[in-house]
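Fold and contact review
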Amino acid sequence: NNIVSLSKSMQKALNRKSIVEKRLLIALNQKNLKVLYQPQIDLNTGQMIAVEAFVRWHDEEIGVIAPDELIPIAEETGLINQIGTFMLEQACTQAAKWHKAGIKLKVSINSSVREFLDKNMAKSILDTLERTGCPSHLLQIEITEKFALEAEAETSIIKQMRQLENEGIVFILDDFGTGYASFRYMQLLPIQVVKIDQTFTKSLLQSDKTQRVVDGMVQLGKSMNFTVLAEGVETEQQKDLLKEFGCDYIQGYLIAKPSEPGYIEQLYRVHN
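Residues numbered from 1 in each chain as written. Predicted model: local features only at pLDDT ≥ 70, side-chain atom pairs only at ≥ 80, totals over all residues. Heavy atoms only, no water.

Some thoughts on the overall build of the protein chain
- Regarding its fold elements, the protein chain presents twelve helices and nine strands.
- Expressed as a percentage of the 272 residues in the protein chain, the buried residues total 47%.
- Put simply, the protein chain shows about 14100 Å² of open surface, and 48% of that area lies on carbon and sulfur atoms.
- Treating the 30 positive side-chain charges of the protein chain as one cloud and the 35 negative ones as another, the clouds have centres 3 Å apart. (Helix = DSSP H or I, 4+ residues; strand = E, 2+ residues; numbered from the N terminus. Buried < 20%, exposed > 50% of the residue type's maximum accessible area, 1.4 Å probe, protein only. Areas by Shrake-Rupley, 256 points an atom, 1.4 Å probe, with all protein chains shown as cover. Lys, Arg positive; Asp, Glu negative; His and termini not counted. Charge placed at Lys NZ, Arg CZ, Asp CG, Glu CD.)

Shown next as structure tokens:
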């Protein structure tokens with residue numbers, strides 16, 4: 001018993017979403033997505049120990065599609081699973097290639113809870129590792145607090161995560177402190193690393209309160225035997241303060257933007 005109208009802006013958004021979805025299907029079929037890597041550095045040794053894999057997409061018809069636009073559309077349409085499969089394959093292939101060349105780098109990929117609702121997800125990951133020749137200890141899987149909260153109620157997800165942990169795969173809690181922080185899932189899930197979100201890092205030098213919050217987050221992580229990683233580090237002052245707090249690893253533009261594998265190899269030789 002309602003009358004609703006579709007505004008021009010809503011129509012434009014729907015058309016855009018439809019076009020992006022159509023072009024994304026083509027990009028996935030033709031493997032036109034690109035993977036870049038951002039280094040993670042050990043604050044104590046200065047060595048590069050890992051990289052995070054990022055998906056980038058430049059379409060010949062609609063141009064550059066930012067991750068902020070791409071990921072929500074992919075999740076809504078179910079194409080996030082195909083992106084996840086593509087990223088896993090690319091990351092494992094690259095990690096194996098580096099390993100054979102004597103470059104000891106772990107590679108992190110981001111995963112959604114939707115992927116882990118598939119009860120064959122763990123098997124699929126292990127099959128990909130075997131097929132690409134990638135040692136399982138080189139793979140890290142980053143999950144969000146939203147993922148962790150939903151996983152807490154799904155025994156099948158926890159079971160798969162523990163299966164992967166037993167194979168040497170590391171789970172990282174991404175965006176720590178920005179969402180549904182819960183001590184319960186920190187106990188239940190096989191998380192080994194917590195990543196302090198860049199929103200805290202960026203305001204680190206602007207507020208004493210933020211410094212106390214970040215220091216507290218680091219101490220909480222350490223008290224639970226987590227490795228603590230801070231992302232979004234852009235200045236030496238931020239780096240020094242995080243080191244003073246006892247943070248283990250950092251990631252951000254201070255070291256490098258997400259980059260091609262060749263540049264990562266150059267940086268690895270500099271740091272290691």
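Further notes follow.
Remarks on the pairing of strand β2 (residues 48-59)
- Burial within β2 is extensive, with nine of its twelve residues counted as buried.
- Examined bridge by bridge, strand β1 (residues 34-42) and β2 share eight bridges and lie antiparallel to one another. When the sheet's bridge partners are listed, Gln38 is paired in β2 with Glu52.
- Here β1 hands over to β2 after five residues, with Gly46 in that stretch at a positive phi of 80°.
- Pairing analysis gives three bridges linking β2 to strand β3 (residues 63-65), with the strands arranged antiparallel. The residue bridging His58 from the neighbouring strand is Val64, located in β3.
- Counting the residues between successive antiparallel strands, the hairpin from β2 to β3 contains three residues. (Pairing = 2+ DSSP bridges.)

Remarks on the nonpolar core
- Membership of the largest hydrophobic core comes to 81 residues, with the highest contact counts inside it found for Phe116, Ile125 and Ile141.
- Counting residues per element, this core draws most heavily on helix α3 (residues 80-100), at ten residues. (Core = buried A, V, L, I, M, F, W, Y, C linked by side-chain atoms within 4.5 Å.)

Considerations on the packing of helix α6 (residues 145-152) against helix α7 (residues 155-166)
- The interhelical angle for the contact between α6 and α7, taken along N-to-C directions, is 115°, at an axis separation of 7 Å. When the axis of α6 is compared with that of α7, the two are roughly perpendicular. The segment α6 lies against α7, with Phe147, Ala151 and Glu152 engaging Ile157, Ile158 and Met161.
- Here the contact of α6 with α7 is composed, by residue class, of five nonpolar, no polar and one charged. (Axes fitted to C-alpha atoms, helices over the stretch in contact; angles between N-to-C directions. Parallel < 35°, antiparallel > 145°, perpendicular 65-115°, else oblique. Contact = heavy atoms within 4.5 Å. Nonpolar A, V, L, I, M, F, W, Y, C, P; charged D, E, K, R; others polar.)

Comments concerning the side chain of Thr128
- With respect to the helices and strands, Thr128 occurs in helix α5 (residues 121-132).
- Overall, Thr128 belongs to the buried group, its relative accessible area being 5%.
- Once residues within four sequence positions are removed from consideration, Thr128 is found in contact with Leu88, Glu89 and Cys92.

Examining the state of the cysteines
- The final tally for this structure, using the stated rule, is zero disulfides.
- With no disulfide of its own, Cys134 has Cys92 as its nearest cysteine by sulfur position, at a separation of 4.5 Å. (Disulfide = S-S within 2.5 Å.)

As for the layout of surface pockets
- A volume near 1300 Å³ is recorded for the largest pocket.
- Looking at side-chain class alone, the lining of the largest pocket contains 16 nonpolar, ten polar and 15 charged residues. (1 Å grid on protein atoms, 1.4 Å probe; cavity = no way out; pocket = protein on both sides within 12 Å on 5 of 7 lines; lining within 4 Å. Points joined across faces, edges and corners; volume = space filled by probe spheres on them.)

Some details on the packing of aromatic side chains
- Summed over the entire model, instances satisfying the criterion amount to three aromatic pairs.
- Judged by centre distance (6.4 Å) and plane angle (65°), the rings of Phe116 and Phe171 are edge-to-face. Taken together, the positions of Phe116 in helix α4 (residues 113-116) and Phe171 in strand β6 (residues 170-176) put the pair 55 residues apart, joining distant regions of the chain.
- With a relative accessible area of 0%, Phe171 lands in the buried category.
- What links up through ring pairs into an aromatic cluster is the set Phe116, Phe147 and Phe171.
- Of note, Lys257 hangs over the ring of Tyr253, and the distance from its end group to the ring centre comes to 5.4 Å. (Phe/Tyr/Trp six-rings, centres within 6.5 Å; stacked < 30°, edge-to-face > 60°. Lys NZ or Arg CZ within 6 Å of the ring centre and 35° of its normal.)

Regarding the pattern of salt bridges
- Within this structure, the stated rule accounts for eleven salt bridges.
- Residue Lys195 is joined to Glu52 by a salt bridge in which the shortest nitrogen-to-oxygen separation is 2.8 Å. With Lys195 in strand β7 (residues 191-196) and Glu52 in strand β2, the pair connects residues that are 143 residues apart, well separated along the chain.
- According to the relative accessible area criterion, Glu52 is buried, its value standing at 3%.
- Notably, a salt bridge pairs Lys123 with Asp127, separated by 2.8 Å at the nearest N-O pair. Placement of the pair is Lys123 and Asp127 together in helix α5, with a separation of four residues, close to one helical turn.
- The network of salt bridges with shared partners includes Arg23, Asp59, Glu60 and Glu61. (Salt bridge = Lys/Arg side-chain N within 4 Å of Asp/Glu carboxyl O.)

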